[in-house]
Amino acid sequence: MLKSKKIVVLGHFGVGKTSLIRRFVTDTFSDNYKVTIGVHITKKVVVISPDNTISMILWDLEGTDDIASIRKAYLLGTHGVVFVFDIARPSTFQHLNDDLKIVSAKIPNTPLLVVGNKIDLVDANELKTTLVENSISVDFLTSAKTGDAVNDLFANLASQLANDA
Ligand code: GDP
Ligand code: MG
């Protein structure tokens, strides 16, 4: 059975939302920064098992530093959320727990994965300290540049959604 699932990718400007989707869908990366305007929608079919295939409809929303201002219409019918921050840029995670509360209020009862991206830019110790000092719990630490954990992240979400109706 083919199920179609809407995934929205959220987070501040420049954290790597577009790059993570591009890495997942086409396995490529670009250093050129092109701001996403409005919303880009990409599809990727993920086979969970022979009789369970998921069509992931990935909504790449325009970056906004004000999570509360995201248009409701974009969020309607969302099955899964990926919230991305940039591990090398504190302004993108300083209010992470507040941001996540807003997201959960806007999109209740929906699987949400918290992703720290750009791990290629920091060393492992620095990374650990940053997470502890800011009381951040992450689901995945990724690099869209190297591809680290990008597939794991989307595969994890896909399998969570595969179990839903
Ligand atoms: P968005 O605004 O959240 O969609 O961010 P983009 O995907 O456009 O990325 C913003 C900038 O960060 C671009 O110049 C990307 O090349 C760069 N970038 C994205 N992901 C990574 C990563 O994992 N590592 C590094 N070093 N740069 C990244
Ligand atoms: Mg973008």
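Read on for an overview of the structure. The structure presented is a predicted model; accordingly, all values stated were derived computationally and were not measured.

Points about the overall build of the protein
- Looking only at helices and strands, the protein features five helices and six strands.
- The secondary structure elements of the protein, listed N-terminal to C-terminal, are β-α-β-β-α-β-α-β-α-β-α.
- Taken over C-alpha atoms, the radius of gyration comes to 15 Å for the protein, in line with the 15 Å a tight globule of 165 residues would show.
- If you line up the protein on its principal axes, its C-alpha atoms span 45 × 30 × 30 Å.
- For the protein, the share of sequence-separated contacts (at least 6 apart) that also reach a separation of at least 24 residues comes to 71%.
- Put simply, the protein shows about 8,500 Å² of open surface, and 52% of that area lies on carbon and sulfur atoms.
- For the protein, the distance from the average position of its 17 positive side-chain charges to the average position of its 18 negative side-chain charges is 8 Å.

Comments concerning unusual backbone geometry
- With a phi close to 75°, Lys 118 is a non-glycine residue in the positive phi region.
- Positive phi, close to 50°, is recorded for Ser 135, a residue that is not glycine.
- Mapped onto the elements of the fold, Ser 135 is located in the loop between α4 (124–133) and β6 (140–141).

Some details on the environment of Leu 75
- Secondary-structure assignment places Leu 75 in helix α2 (residues 72–75).
- Leu 75 gets classed as buried once you look at its relative accessible area, which sits at 7%.
- Distance in space between the C-alpha atoms of Leu 75 and Asn 156 is 21 Å, their sequence separation being 81 residues.
- Contact partners of Leu 75, with chain neighbours within four places excluded, come to Lys 6, Val 8, Leu 61, Ile 70, Lys 106 and Ile 107.

Remarks on the packing of helix α1 (residues 17–26) against helix α5 (residues 150–162)
- Across the interface, α1 lies against α5 with an axial gap of 9 Å and an inter-helix angle of 85°. In terms of orientation, α1 lies roughly perpendicular with respect to α5. Contacts from Leu 20, Arg 23 and Phe 24 of α1 reach α5 at Val 150, Asn 151 and Phe 154.

Observations regarding the environment of Thr 18
- Along the chain, Thr 18 turns up in helix α1.
- Among the residues examined, Thr 18 registers a relative accessible area of 23% and is labelled partly exposed.
- For Thr 18, the contacting residues outside a window of four places in its chain are Thr 36 and Asp 60.

Quick look at a nonpolar patch on the surface
- Taken together, the side chains of Phe 13, Tyr 33, Val 35 and Ile 37 present a nonpolar region at the surface, about 450 Å² in accessible area.
- Here Ile 37 lies in the loop between α1 and β2 (39–49).
- With relative accessibility at 66%, the residue Ile 37 sits in the exposed group.

A few points about α1
- Every buried residue of α1 is listed here: Lys 17, Ser 19, Leu 20, Ile 21, Arg 23 and Phe 24.
- Packing partners of the buried residues in α1 comprise β1 (2–11), β2, β3 (52–61), β4 (80–86), β5 (112–117) and α5.
- One or two positions beyond α1, positive phi appears at Asp 27, with a value near 55°.

Structural notes on the packing of aromatic side chains
- Applying the stated criterion across every chain, the model contains two aromatic pairs.
- Between Phe 24 and Phe 154, the ring centres sit 4.2 Å apart and the planes meet at 15°, which makes this aromatic pair stacked. Taken together, the positions of Phe 24 in helix α1 and Phe 154 in helix α5 put the pair 130 residues apart, joining distant regions of the chain. Like Phe 24, the residue Phe 154 is buried in the burial classification.
- Summarising the aromatic geometry, the rings of Phe 85 and Phe 93 are spaced 5.5 Å apart at their centres and angled 70° between planes, so their arrangement reads as edge-to-face. Exposure class is identical for Phe 85 and Phe 93. Each is buried.
- Above the face of the Trp 59 ring, Lys 6 is positioned so that its terminal group lies 3.7 Å from the ring centre.
- A cation over an aromatic ring shows up here: Lys 44 above the ring of Phe 24, its NZ or CZ 4.8 Å from the ring centre.

Rules used in this analysis
- Residues numbered from 1 in each chain as written.
- Chains lettered and ligands numbered in written order.
- Predicted model: local features only at pLDDT ≥ 70, side-chain atom pairs only at ≥ 80, totals over all residues.
- Heavy atoms only, no water.
- Helix = DSSP H or I, 4+ residues; strand = E, 2+ residues; numbered from the N terminus.
- Rg over C-alpha atoms; globule rule 2.2 N^0.38 Å.
- Contact = heavy atoms within 4.5 Å.
- Areas by Shrake-Rupley, 256 points an atom, 1.4 Å probe, with all protein chains shown as cover.
- Lys, Arg positive; Asp, Glu negative; His and termini not counted.
- Charge placed at Lys NZ, Arg CZ, Asp CG, Glu CD.
- Buried < 20%, exposed > 50% of the residue type's maximum accessible area, 1.4 Å probe, protein only.
- Axes fitted to C-alpha atoms, helices over the stretch in contact; angles between N-to-C directions.
- Parallel < 35°, antiparallel > 145°, perpendicular 65-115°, else oblique.
- Patch = residues over 30% accessible without salt bridge, like charges linked within 9 Å, V, L, I, M, F, W, Y side chains within 5 Å.
- Salt bridge = Lys/Arg side-chain N within 4 Å of Asp/Glu carboxyl O.
- Phe/Tyr/Trp six-rings, centres within 6.5 Å; stacked < 30°, edge-to-face > 60°.
- Lys NZ or Arg CZ within 6 Å of the ring centre and 35° of its normal.

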